[in-house]
Amino acid sequence: MTRLSDYFLPTLKDPPADAEAISHQLLVRAGMVRQLGAGLWTYLPAGWRVHRKIEAILREEMDAIGAQEMLAPVLQPAEHWEKTGRYAIDELFKLEDRRGAPMVLAMTHEEALTSHVARDVRSYRDLPVMLYQFQVKERDEPRPRAGVLRTREFIMKDAYSFDRDQDGLEASYARQSEAYERIFERCGLEWYRVESDVGMMGGSGAHEFMAPCAAGENDVALSDAGYAANVEVACATASPIEELPEPLAAPEPVATPGARSIDEVSALLDVPRGALIKSMPMIVGEEERPLLCLLRGDHSLNEIKLRNALGAAVRQARQEEIGERFGSPVGFVGPIGSPAGVLADEALRGMSGMVAGANRADTHLLGVDLERDLSADWADFRTVEVGDCCPAGAEIRIEPAIEVGNIFKLGTRYSKPLGATFLDEDGAEQTIVMGSYGIGPARILAAAVEQFADDAGICWPRAIAPFDIEIVALGKGDEEVAKVANDLYEDLRALGLDVLYDDREASPGQKFADAELLGCPLRATIGRRGLEAGELELQVRRGLEQSALALDGAAQEILERWQSLA
């Protein structure tokens, strides 16, 4: 019997002083997690029960699509990471063993599993294969925050598909995506799938599964037409600019003494910010190539989209580089006559009558038409904004969300450098095509808290709650109350429910407060007054709806009520 008097559940009245996210506050207050160090969290018994229930759902859905569970080490030789080019990642924990051999603590396991497949898969008959594991990951996160959401150590369910060709990858990717959809539905989350950046994982495509909530560290662009993408990669048609200046036959200089910023020039010339061309001096790639990137004055640069468009690393030019490499004083850089290459954002295409820097102090140019006045390359590298329109024409809105899972089309990003090949039907050697699929149980756990908590505490979805029901017995030393509570506990357990029994010698107020903080879907209260009426009180945690149940047949009624919950 799980009695709260014997259970390690150290609840707190107040949250930690540094806790901003609701999930951080409530998981600590409810006695489910405790911090050991920056970004290092211990799951106490109730918190670990939630984690394990999420794992069980993940395991069932992975097994259902034919993925095979295994386990690879966290501590790995650095050589595999050196081969894939990921050893230089700043967030990767690096160390040496006693013999001086370089090692890493894995943040993902592409290198490990691909190395095994490279050694053991020989023929097309061995493919496809899909492997998964639950394993600790280590990440030297520079700014751990939001409790268990951004940590330095965490457990991930990571899966990997190995196929003969791109068609095989597409099929594996679809199976994983469908399994993810079932997982989040079963966990009771609100979620959506969005297009995303491949990031350090590499590959040809990726999607993220997002749980909308205020504590989310990602911004997602959404529309009523079904468009969904991480703002890092989202594309949209820019909202129009009102009252553009009149077009001119050719650019004309205008004095702008001391006006260096977009706002200063806009105010001085009395034109909208969007009528200005924002000229951003950038340095591209290892060769340090200068590139002038042009945006509408009311738009912001999206460095991830710019990096993807260029296929190379990119940084903003330092002040001392601007005069030397872009031929202009700081604050007056412009595209016409620039010695550097020019890349213009697509939102500028077709616009005339624009204002741009003149590449000399205290001067700008009026009437600039980029397509007429210079030769520029074009790409989409701005950050989408509220009010833009998605490809289907619907207005964009932007919401914060927690990333709870991601899937990647890796292609040959890891199989090629690690030598993962097979012989096809004709005996020719081919490179294995891969996919990677990750879910963080802790992120599902935190997202559920964020989405459904109320002022009193956590409101767990039924499928992942630490216990299905909490029985609260009132009246110190009342043997009849204790007997009825014990009998109900056994009856509910016999029906397959997980039950927590609060038998502590504590006040009713403390018991109710702790029960609402912990957030089990149902609470059954048994007390002297109820016994005299032949009933107990049942509370549904989400909404705090209360009703009286007859003691006779109460267990079956509670089961049916539990089955009806979300």
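Residues numbered from 1 in each chain as written. Predicted model: local features only at pLDDT ≥ 70, side-chain atom pairs only at ≥ 80, totals over all residues. Heavy atoms only, no water.

With that settled, consider the domain arrangement of the protein chain. Taken domain by domain, the protein chain comprises domain 1 (15–234 + 398–449), domain 2 (252–379) and domain 3 (467–563). Here the C-alpha centre of domain 2 lies 38 Å away from the C-alpha centre of domain 1. Across the contact, six residues belong to domain 1 and five residues belong to domain 2. Interface area lost by domain 1 to domain 2 is led by Asp 197, Glu 232 and Ala 234, which between them contribute 78%. (Domains from an automatic or database assignment. Contact = heavy atoms within 4.5 Å. Buried area = accessible area lost by both parts, 1.4 Å probe.)

Turning our eyes to something else, we now look at the side chain of Glu 61. By secondary structure assignment, the location of Glu 61 is in helix H2 (residues 45–64). If we ignore the near neighbours within four places in the chain, the residues touching Glu 61 are Ala 179, Arg 182, Ile 183 and Arg 186. (Helix = DSSP H or I, 4+ residues; strand = E, 2+ residues; numbered from the N terminus.)

We now examine the sheet that holds strand E25 (residues 469–473). The strand order across the open sheet built from five strands is E26-E25-E27-E28-E29, with neighbouring strands paired in mixed fashion. Since the sheet does not close on itself, it has two edges, and those belong to strand E26 (499–502) and strand E29 (545–550), each with one partner. Looking at each pair of strands side by side, their axes are set apart by 25° on average, direction ignored. Bridging between E25 and strand E27 (residues 522–526) involves five bridges; their strand directions are parallel. Residue Ile 471 lies in a different strand from E27, and its bridge partner there is Ala 524. Against the sheet, helix H12 (residues 508–518) contacts E25, E26, E27 and strand E28 (535–540), and its axis sits at roughly 175° relative to E25. (Pairing = 2+ DSSP bridges. Axes fitted to C-alpha atoms, helices over the stretch in contact; angles between N-to-C directions.)

Opposite charge on two side chains permits them to pair, given that their charged atoms come into close proximity. Applying the stated criterion across every chain, the model contains 41 salt bridges. Between Lys 137 and Asp 158 there is a salt bridge whose closest N-O contact spans 2.7 Å. Linking Lys 137 in strand E7 (residues 129–138) with Asp 158 in strand E8 (residues 153–163), this pair joins segments that are 21 residues apart in sequence. In terms of burial, Lys 137 and Asp 158 fall into one category: buried. Its salt-bridge partner being Glu 321, residue Arg 318 comes within 3.3 Å of it at the nearest N-O pair. Beyond isolated ion pairs, a larger network of salt bridges with shared partners links Arg 49, Lys 53, Asp 468, Arg 493 and Asp 498. (Salt bridge = Lys/Arg side-chain N within 4 Å of Asp/Glu carboxyl O. Buried < 20%, exposed > 50% of the residue type's maximum accessible area, 1.4 Å probe, protein only.)

Moving on, we come to the environment of Val 333. By secondary structure assignment, the location of Val 333 is in the loop between helix H8 (319–326) and strand E17 (341–345). Residues in contact with Val 333, not counting those within four places in the same chain, are Ser 279, Pro 281, Leu 292, Ile 322, Ser 328, Gly 357 and Asn 359.

Quick look at the pairing of strand E11 (residues 218–222) now. Of all five residues making up E11, four are buried, and the element is well covered by its neighbours. Pairing of E11 with strand E21 (residues 397–411), which is carried by five bridges, proceeds in the antiparallel orientation. Its bridge partner lying in E21, Asn 218 is registered against Ala 401. With antiparallel pairing between neighbouring strands as the criterion, E11 and strand E12 (residues 228–230) make up a hairpin whose turn holds five residues, including Gly 226 at a positive phi of roughly 95°.

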